[in-house]
Amino acid sequence: MVSHLTANKETMKLLLTSAGISNKSIHNALVELLGKPVEESNALFIPTAIYGIPNGGEIVRKVICGTLGDAFCDMGWKSLGLLELTALPSIKRELWVTKLQETDALLVGGGDCQYLSYWMQQSGLTELLPLLLNKMVYVGLSAGSMIMTRYGTTFENHTLPPETDKCLGWLDCALHPHLDYVSFPENSMANYEKLAATLPMPSYLIDDQTALKVIDGNIEVVSEGNWKLVNP
């Protein structure tokens with residue numbers, strides 16, 4: 001499948017997941033993008049979006065330890081560090097930029113799209129990503145995936161102005177994760193189809209066994225579950 005990619009973001013490798021590395025197919029896609037095994041790859045985890053939802057600190061701990069959800073941080077990475085975006089504006093740039101340049105995979109966690117988009121921009125990471133993604137793989141989870149599209153959401157557990165961007169808009173499509181997830185009845189196929197019908201861009205509706213693999217502007221759906229593409 002061909003994505004609707006903005007012209008100045010053409011060279012990049014993304015793996016946009018609903019819930020992490022939830023099955024063998026998505027794991028294989030990750031290894032393909034990395035060009036080497038996970039065990040030989042260095043990763044940085046961005047937990048920032050999770051602080052925009054209740055009990056964010058506890059959720060961050062569980063994601064790092066691998067006790068919540070599917071594999072993401074606790075996958076046997078060669079090394080795993082944390083990159084907290086809210087701290088970066090007050091840290092000397094060379095300290096964290098150097099670390100990014102040594103990273104093979106940037107793991108961007110879920111939570112609040114608006115809060116994450118704001119801090120991606122405020123930290124300066126957004127302007128660096130086009131260069132970094134020539135060799136680094138961006139691995140999103142839920143909100144971490146959604147912000148790369150033209151559609152994002154917010155839980156409003158922050159003090160940002162309502163007009164603050166909810167996404168970065170790199171891909172000219174929308175991604176709706178956690179399709180038919182039992183604990184989120186509002187994420188039914190019927191409800192997501194209604195939402196997609198109101199948007200001016202194509203929408204990928206994906207469950208937790210599905211991801212989008214993006215290489216140089218081409219989108220491939222990787223799935224052992226259920227998904228649907230809804231065109232406007």
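You'll find the structure just up there.
What you are looking at is a predicted structure, and each value in this text was computed from that prediction instead of being measured. (Residues numbered from 1 in each chain as written. Predicted model: local features only at pLDDT ≥ 70, side-chain atom pairs only at ≥ 80, totals over all residues. Heavy atoms only, no water.)

Caption draft 1: Layout of the sheet that holds strand β6 (residues 174-176). In spatial order, the strands read β6-β7-β10; together these 3 strands make up an open sheet with mixed pairing. Where the open sheet ends on each side, the last strands, each with one partner, are β6 and β10 (227-230). Neighbouring strand axes in the sheet, compared pairwise and without regard to direction, differ in orientation by 15 degrees on average. Contacts between helix α7 (residues 189-197) and the sheet are confined to β6, β7 (203-206) and β10, with β7 contributing the most and set at about 165 degrees to the helix. (Pairing = 2+ DSSP bridges. Helix = DSSP H or I, 4+ residues; strand = E, 2+ residues; numbered from the N terminus. Axes fitted to C-alpha atoms, helices over the stretch in contact; angles between N-to-C directions. Contact = heavy atoms within 4.5 Å.)

Caption draft 2: How the structure looks around helix α4 (residues 113-122). Counting buried positions along α4 yields 7 of 10 residues, so the element is predominantly enclosed. Of the residues making up α4, those classed as buried are C113, Q114, Y115, L116, S117, W119 and M120. Each element contacted by the buried residues of α4 is listed here: β2 (42-46), β4 (105-108), α5 (125-132), β5 (137-141) and α6 (143-146). Where α4 starts, the residue carrying a side-chain oxygen 3.0 Å from the main-chain nitrogen of Q114 turns out to be D112. At the C-terminal side of α4, G124 shows a positive phi close to 90 degrees. (Buried < 20%, exposed > 50% of the residue type's maximum accessible area, 1.4 Å probe, protein only. Polar contact = N/O pair within 3.5 Å; in protein donor to acceptor, adjacent residues only side chain to side chain.)

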